[in-house]
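In case you want the letters, here they are:
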Protein chains: 2
Amino acid sequence: MSKGITPWEFELEHVDYARIIQEFGLQPMTPELLKRVRTPHRLFKRNLVFAHRDFGRILDAQESGEQFVILTGMMPSGKFHFGHKLIADLMAWYQGQGVMLYIPVSDIEAHVIRGIELEACREITVNEYILNYLALGVDLVSKEKCCLYSQWRNDLVRNFSFKAASKITLSQMHAMYGFSNSDNMGKIFFPFIDAADILHPQLPERGGVKPVLVPVGVDQDIHLRLSRDLAPRFGMIKPSSIYTKMMSGLQGPGSKMSSSKPETAIFLTDSTEAAREKLKDAFTGGRETIQEQKQKGGQPEKCVVYEFLLFHFEDELLESTYNRCTSGDLVCGECKAAVSDRISKFLIEIQRKREEAKLLLPKVFENQPL
Amino acid sequence: MSKGITPWEFELEHVDYARIIQEFGLQPMTPELLKRVRTPHRLFKRNLVFAHRDFGRILDAQESGEQFVILTGMMPSGKFHFGHKLIADLMAWYQGQGVMLYIPVSDIEAHVIRGIELEACREITVNEYILNYLALGVDLVSKEKCCLYSQWRNDLVRNFSFKAASKITLSQMHAMYGFSNSDNMGKIFFPFIDAADILHPQLPERGGVKPVLVPVGVDQDIHLRLSRDLAPRFGMIKPSSIYTKMMSGLQGPGSKMSSSKPETAIFLTDSTEAAREKLKDAFTGGRETIQEQKQKGGQPEKCVVYEFLLFHFEDELLESTYNRCTSGDLVCGECKAAVSDRISKFLIEIQRKREEAKLLLPKVFENQPL
């Protein structure tokens with residue numbers, strides 16, 4: 001049985017979020033804070049933003065009409081999957097509320113650290129990220145609403161990274177990042193590029209000090225901590241962050257979606273047939289036998305098929321699936337077919353929007369430092 | 001008595017160049033190499049280039065008509081003095097032989113490490129360095145003859161610095177530079193900017209692999225060594241270097257000229273009166289009494305006034321001064337007056353040329369990434 005009573009209080013079982021909060025020193029998301037989120041995005045409504053740092057500062061800003069911005073990076077190292085879509089959806093939602101959006105493309109890191117050729121980085125940035133962001137409703141054209149930039153091209157970021165680096169000693173870096181002497185100097189310096197990405201919206205050239213919200217994975221939280229360490233030394237506000245739960249890979253709860261392993265995730269460029277095949281093989285929360293399933297009900301809290309509904313699709317479909325599954329009324333084959341239909345409908349729609357988005361590309365390149 | 005017989009074999013006494021060569025692992029300059037220098041600059045003729053690394057590679061290139069380039073940095077942290085002039089003269093001489101010149105302006109370092117405000121860096125770069133370089137005959141306007149660039153602005157250099165950094169481990173940096181854990185991360189990363197300056201003329205975007213000659217002080221030799229370590233890992237030729245003797249400060253042989261201490265050096269922007277006053281107070285190789293001077297002769301090898309002639313002025317004046325001084329025919333007061341006259345003539349001329357050079361500034365800014 002799932003821990004929650006309704007799908008809104010649903011808890012995925014495979015990750016111990018309380019432990020993560022403790023380990024990383026995060027603040028748990030609270031009903032009080034969630035109540036203050038205006039016309040909340042489904043991520044907030046469905047208990048999928050589980051932790052934060054100083055999210056209250058962002059809500060304060062929003063309530064008092066103070067300007068704040070939101071920032072999230074693109075790592076152009078593979079295919080765009082439903083995990084990436086989640087963040088793009090959140091970006092579009094904030095942008096729709098008039099919040100300026102910063103999107104650094106981590107191409108220095110992709111090229112230098114991960115060894116991806118520059119042309120490949122470029123191709124992935126455009127065909128996977130930019131087109132899908134545009135198709136998902138993020139405005140990357142308007143300079144007033146978005147600053148999308150390549151780390152190779154943003155002078156402000158790179159120059160600030162050196163200033164930031166001069167404030168932190170080698171032993172502090174050892175303590176924070178646990179570097180060893182065999183780590184290369186690129187890897188050791190990179191955190192300052194990430195910190196400069198996060199802090200640079202507060203530079204005078206970007207209109208000065210302001211709250212910045214960074215939706216970030218716990219694996220990248222260390223850069224947020226470095227940025228928060230650095231902020232007061234430059235008279236800046238410590239950046240805020242929110243942490244969303246992660247969608248599981250298709251192999252089962254807690255497995256990882258990977259943009260370089262097609263069997264682990266559905267990509268937004270997958271054909272409907274490919275998506276259907278992938279979902280057919282996906283791990284579910286079904287019981288050993290149909291008999292048992294009908295008796296005890298399915299287990300959505302262990303089901304990666306259910307996660308697609310939970311993270312991405314309409315309340316009605318989510319709720320009816322949850323109820324029919326847990327009551328034993330729905331078997332996995334039927335459910336997979338229905339979710340496949342929903343995903344296919346989405347993929348056809350997004351494919352069409354990506355084609356339309358191609359017409360916007362010249363304007364994106366004209367307006368953004370890529 | 002001086003060690004040499006003629007001023008051409010003259011050895012300054014205050015620096016043990018043999019020890020420096022040994023300590024830094026340099027190759028001593030040899031008569032065989034010097035013989036191969038075409039229409040040699042006075043620095044070569046007067047035994048003032050005392051050491052090198054792979055200078056033969058540059059001579060090979062020149063003899064076979066292979067393209068090579070010369071590179072030297074500007075550190076915009078103070079006034080331009082006669083020590084800087086020396087390098088500018090060498091640049092102009094090489095450029096006159098058709099050698100492409102690269103001049104990185106170390107403004108990231110000046111700003112981040114030395115704490116000089118960006119506007120001050122800019123002002124010093126233009127009024128001290130660029131105007132004097134132009135006045136001394138260096139062509140900074142033509143893109144074909146010179147690439148003068150700000151480290152803040154050169155994408156190629158900054159991006160290559162990250163690739164270079166990813167080839168070197170932290171423990172290798174410790175071994176080479178002797179960093180301590182309390183050094184800041186800016187200082188620790190900076191060597192890769194310097195190395196990228198030195199290596200980037202060999203990038204495909206700059207016409208590909210070629211010999212590069214770097215006139216460098218032994219205090220900066222470490223960056224040359226890092227660059228030579230890195231070069232083969234990128235399929236590049238190890239850069240060559242030459243090491244010139246250093247002019248002494250006015251306080252005496254071996255004292256340091258400083259661009260921030262007016263009493264130590266004559267600046268190219270000094271008035272003739274100021275220069276005359278400075279030279280009046282300068283340390284000479286004169287004897288205790290005029291009597292003794294007439295008997296034993298003066299000691300040009302210990303004389304900072306003589307250094308001005310040795311490093312900068314015509315053979316005739318150098319030779320006659322040397323002969324009259326060592327024979328006891330010339331006393332210091334008379335000599336100082338004559339050298340002051342020569343310097344004044346030069347300063348008036350350079351002042352006029354700097355005024356003319358101001359007209360070239362818009363073209364410099366138009367053509368160079370500053």
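Residues numbered from 1 in each chain as written. Chains lettered and ligands numbered in written order. Predicted model: local features only at pLDDT ≥ 70, side-chain atom pairs only at ≥ 80, totals over all residues. Heavy atoms only, no water.

Peer 1: It is not clear to me how the overall build of chain A should be interpreted in this structure. Could you clarify?
Peer 2: Counting secondary structure elements, chain A contains 17 helices and seven strands. Over its C-alpha atoms, taken along the principal directions, chain A stretches across nearly 65 × 50 × 45 Å. Across the 370 residues that make up chain A, the buried fraction comes to 58%. Counting only contacts in chain A whose residues sit at least 6 apart along the sequence, the fraction spanning at least 24 positions is 78%. By element, 52% of the accessible surface of chain A is carried by carbon and sulfur atoms, the whole surface being about 15,100 Å². Charged side chains of chain A number 46 positive and 47 negative; the gap between the two group centres comes to 2 Å. (Helix = DSSP H or I, 4+ residues; strand = E, 2+ residues; numbered from the N terminus. Buried < 20%, exposed > 50% of the residue type's maximum accessible area, 1.4 Å probe, protein only. Contact = heavy atoms within 4.5 Å. Areas by Shrake-Rupley, 256 points an atom, 1.4 Å probe, with all protein chains shown as cover. Lys, Arg positive; Asp, Glu negative; His and termini not counted. Charge placed at Lys NZ, Arg CZ, Asp CG, Glu CD.)

Peer 1: What exactly am I supposed to notice about the packing of helix H12 (residues 272-280) of chain B against helix H16 (residues 332-358) of chain B here?
Peer 2: Pairs of packed helices are described in terms of their axes, by the angle between the two and the distance that separates them. Residue and element names in this part refer to chain B. Here H12 crosses H16 at 150°, and the two axes come no closer than 9 Å. Relative to H16, the element H12 lies roughly antiparallel. Taken as a pair, H12 and H16 cross one another with a handedness that is right-handed. Residue-level inspection shows Thr272, Ala275, Arg276, Leu279 and Lys280 of H12 in contact with H16, the latter providing Lys336, Ala337, Val339, Ser340, Asp341, Ile343, Ser344, Leu347 and Ile348. (Axes fitted to C-alpha atoms, helices over the stretch in contact; angles between N-to-C directions. Parallel < 35°, antiparallel > 145°, perpendicular 65-115°, else oblique. Left-handed = near helix turned anticlockwise from the far one by under 90°.)

Peer 1: Sorry, what's going on with the interface of chain A and chain B here?
Peer 2: The extent of an interface is frequently quoted as the accessible surface area lost upon association of the parts. Opposite the 30 residues of chain A that make contact, chain B presents 30 residues. The largest contributions to the chain A side of the interface with chain B come from Phe162(A), Leu170(A) and Met185(A), which together make up 29% of the buried area. Put simply, chain A and chain B have two salt bridges between them. Two residues, Asp155(B) and Arg158(A), come together in a salt bridge whose shortest N-O distance is 2.9 Å. Where chain A packs against chain B, one counts 18 residue pairs in polar contact (both at pLDDT 80 or more). Considering each element in turn, the side of chain A that touches chain B owes the most residues, seven residues, to helix H10 (residues 185-199) of chain A. (Buried area = accessible area lost by both parts, 1.4 Å probe. Salt bridge = Lys/Arg side-chain N within 4 Å of Asp/Glu carboxyl O. Polar contact = N/O pair within 3.5 Å; in protein donor to acceptor, adjacent residues only side chain to side chain.)

Peer 1: In this structure, what is going on with the packing of aromatic side chains? I would like to understand it.
Peer 2: Aromatic ring pairs are reported here in terms of the distance separating the ring centres and the angle at which the planes meet. Evaluation of the coordinates by the stated rule reveals 35 aromatic pairs over all chains. A ring pair is formed by Phe68(B) and Tyr94(B), whose centres lie 6.2 Å apart and whose planes are at 90°; its orientation type is edge-to-face. Of the two residues, Phe68(B) sits in the loop between helix H4 (55-64) and strand E3 (69-71) while Tyr94(B) sits in helix H5 (residues 82-96), which places them 26 residues apart along the sequence. The two residues Phe68(B) and Tyr94(B) agree in class, both being buried. Three or more aromatic residues joined by ring pairs make a cluster, and in this case those are Phe162(A), Phe189(A), Phe190(A), Phe192(A), Phe162(B), Phe189(B), Phe190(B) and Phe192(B). Here the guanidinium or amino end of Lys167(B) rests over the ring plane of Phe234(B), the centre of that ring lying 5.2 Å away. In this structure, Lys278(B) is placed above the aromatic ring of Phe267(B), and the distance from its NZ or CZ to the ring centre is 4.3 Å. (Phe/Tyr/Trp six-rings, centres within 6.5 Å; stacked < 30°, edge-to-face > 60°. Lys NZ or Arg CZ within 6 Å of the ring centre and 35° of its normal.)

Peer 1: Would you mind showing me how to read the relation of the copies chain A and chain B here?
Peer 2: Two copies of the chain are present, and they differ by a rotation about an axis and a shift along that axis. With an axial shift of 0.0 Å and an RMSD of 0.0 Å, the rotation relating chain A to chain B amounts to 180°. Interpreted geometrically, this transformation is the action of a two-fold axis. The position closest to the rotation axis in chain A is occupied by the C-alpha of Phe189(A), lying 3.4 Å away. Both copies contact each other with a shared surface, as 100% of the interface residues of chain A are interface residues in chain B too. (Least-squares fit on C-alpha atoms with pLDDT ≥ 70 in both.)

Peer 1: Mind showing me how you'd approach the side chain of Thr125(B) here?
Peer 2: Mapping Thr125(B) onto the fold places it in helix H7 (residues 118-135). Sequence-distant contacts of Thr125(B), defined by excluding residues within four places in its chain, comprise Pro76(B), Val105(B) and Ile130(B).

Peer 1: Would you mind going over the pattern of salt bridges with me for this structure?
Peer 2: Any two side chains of opposite charge can pair, given that their charged atoms come close. Tallied over the entire structure, the rule returns 51 salt bridges over all chains. In this structure, the salt-bridge partner of Asp221(A) is Arg53(A), at a minimum N-O distance of 2.6 Å. Here Asp221(A) is found in helix H11 (residues 221-230), whereas its partner Arg53(A) is found in strand E2 (residues 49-53), with 168 residues between them in sequence. Here the two residues Asp221(A) and Arg53(A) agree in accessibility, since each one is buried. Glu349(A) serves as the salt-bridge partner of Arg352(A), at 3.5 Å between the closest nitrogen and oxygen. Of the two residues, Arg352(A) and Glu349(A) both sit in helix H16 (residues 332-358), three residues apart, roughly one turn of that helix. Linked through salt bridges whose partners overlap, the residues forming this network are Asp155(A), Arg158(A), Asp155(B) and Arg158(B).

Peer 1: How should I be thinking about helix H7 (residues 118-135) of chain A in this particular structure?
Peer 2: A turn of α-helix holds 3.6 residues, and therefore any two residues three or four places apart point the same way. Residues and elements named next belong to chain A. Relative to the 26 Å expected for 18 residues at 1.5 Å per residue, H7 spans 24 Å between its end C-alpha atoms, a close match to the ideal helical length. Of all bends in H7, the biggest is about 30°, found at Thr125. Considered for burial, the residues of H7 that qualify are Cys121, Ile124, Thr125, Val126, Glu128, Tyr129, Ile130, Leu131, Asn132, Tyr133, Leu134 and Ala135. Next to the buried residues of H7 lie helix H5 (82-96), strand E4 (100-105), helix H6 (107-113), strand E5 (146-150), H16 and helix H17 (361-367). Backbone geometry just downstream of H7 places Gly137 in the positive-phi region, at approximately 95°. (Expected span 1.5 Å × (residues − 1). Bend = angle between axes of the 7 residues up to and from the residue.)

Peer 1: Got a minute to help me understand the packing of helix H14 (residues 304-312) of chain B against helix H15 (residues 315-326) of chain B in this structure?
Peer 2: All names here are of chain B. The interhelical angle for the contact between H14 and H15, taken along N-to-C directions, is 145°, at an axis separation of 8 Å. Of the two possible hands of crossing, H14 and H15 adopt the one that is left-handed. In this structure, H14 contributes Tyr306, Leu309 and Leu310 to the contact, and H15 contributes Leu317, Leu318, Thr321 and Tyr322. When the residues that make up the contact of H14 with H15 are grouped by side-chain class, the tally is six nonpolar, one polar and no charged. (Nonpolar A, V, L, I, M, F, W, Y, C, P; charged D, E, K, R; others polar.)

Peer 1: Where do I start with unusual backbone geometry in this structure?
Peer 2: In most cases, non-glycine residues show a negative phi, while peptide bonds are predominantly trans. Unusually for a residue other than glycine, Asn47(A) sits at a positive phi of about 65°. With respect to the secondary-structure elements, Asn47(A) resides in the loop between helix H3 (42-45) and E2. Despite not being glycine, Asp54(B) has its phi angle at roughly 50°, a positive value. Structurally, the position occupied by Asp54(B) is in the loop between strand E2 (49-53) and H4.

Peer 1: What should I look at first to understand the confidence of the model for chain A in this one?
Peer 2: As a note on interpretation, predicted positions should not be read in detail where pLDDT is low. Residues and elements named next belong to chain A. Of all residues in chain A, 96% attain a pLDDT of 70 or more, and the chain-wide mean is 92. Across residues 1-5, confidence stays below pLDDT 50; counting only partners more than four residues off in sequence or on other chains, it has 11 contacts. Two numbers describe this predicted complex: its pTM, 0.83, and its ipTM, 0.80. (pLDDT = per-residue confidence, 0-100.)

Peer 1: Looking at this model, I keep getting lost on the pairing of strand E6 (residues 212-215) of chain B. Mind explaining?
Peer 2: Side-chain positions along a regular strand alternate between the two faces of the sheet. Residue and element names in this part refer to chain B. The alternating pattern of E6 places Val212 and Val214 and Leu213 and Pro215 on opposite faces, both of which are buried. Judged from the three bridges that link them, E6 and strand E7 (residues 240-244) form a sheet pairing that is parallel. The residue of E7 that forms the bridge with Pro215 is Ile242. (Pairing = 2+ DSSP bridges.)

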